[in-house]
Amino acid sequence: NTVRSTIGPLMRVSPNPASNRMTIMLSPQAIGNSGSLRVYDIAGRLVSILCDGDLPEVVSWPLKDGHGRRLSSGVYFLRLETEQASDVLKMIIVD
């Protein structure tokens, strides 16, 4: 069973809302662990896989889907999953 971290958030994003690029910073508890970092739209559809494997300290995301297309304005969810925990953040993309 995967549980949400009880030691605080596993990631934070900046800026949020974003119009050009978003920087995702992972907590020390997540860095180096095997896991995934995925973006979902408001309907729960997978939009992009930002990381799948060893998690880095920082991910710079150009607000594009898995096919390289710029995402439209709206609400998206960033989901981090490791074997030990998971975390979800709401992100807003604006034009």
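Look a little higher up for the structure.
Just so it is clear, the structure is predicted and the values come from calculations on it, not from any experiment.

*Asks:* Help me out: how do you make sense of the pairing of strand E6 (residues 58-61) in this one?
*Replies:* On E6, burial follows the alternation: Val59 and Trp61 on one face are buried, whereas Val58 and Ser60 on the facing-out side are not. For strand E3 (residues 22-26) and E6, the ladder comprises four bridges, and the chain directions are antiparallel. Following the sheet pairing, Met22 is matched in E6 by Trp61.

*Asks:* When you look at the nonpolar core in this model, what are you seeing that I'm missing?
*Replies:* Here is a general trend for soluble globular proteins: nonpolar side chains tend to be buried in one another's company. Counting residues in each nonpolar core, the largest one holds 23 residues, and the members touching the most others are Ile24, Leu37, Trp61, Leu78 and Leu80. Going through the elements one at a time, strand E2 (11-14), E3, strand E4 (34-41), strand E5 (46-54), E6, strand E7 (74-82) and strand E8 (85-93) are the ones with two or more residues in this core. Leu80 has contacts with Leu10, Met11, Leu26, Ala30, Ser36, Leu37, Leu55, Ala85, Ser86 and Asp87, leaving out every residue within four places of it along the chain.

*Asks:* Just to check I follow, could you spell out the environment of Leu80 for this structure?
*Replies:* Positionally, Leu80 belongs in strand E7. Separated by 43 residues in the primary sequence, Leu80 and Leu37 have C-alpha atoms spaced 4.6 Å apart.

*Asks:* For this particular structure, what's the right way to read the environment of Tyr40?
*Replies:* Mapped onto the elements, Tyr40 comes out in strand E4. In this structure the C-alpha to C-alpha distance between Tyr40 and Gln29, which are 11 residues apart in sequence, comes to 23 Å.

*Asks:* Got a minute to help me understand the environment of Ile92 in this structure?
*Replies:* Topologically, Ile92 is positioned in strand E8. Assessed through its relative accessible area of 30%, Ile92 is described here as partly exposed. With 17 residues separating them along the chain, Ile92 and Val75 place their C-alpha atoms 4.7 Å apart. In this structure Ile92 touches Asn16, Pro17, Ala18, Met22, Gly74 and Val75, once residues within four positions along its chain are discounted.

Cut-offs applied
- Residues numbered from 1 in each chain as written.
- Predicted model: local features only at pLDDT ≥ 70, side-chain atom pairs only at ≥ 80, totals over all residues.
- Heavy atoms only, no water.
- Buried < 20%, exposed > 50% of the residue type's maximum accessible area, 1.4 Å probe, protein only.
- Helix = DSSP H or I, 4+ residues; strand = E, 2+ residues; numbered from the N terminus.
- Pairing = 2+ DSSP bridges.
- Core = buried A, V, L, I, M, F, W, Y, C linked by side-chain atoms within 4.5 Å.
- Contact = heavy atoms within 4.5 Å.

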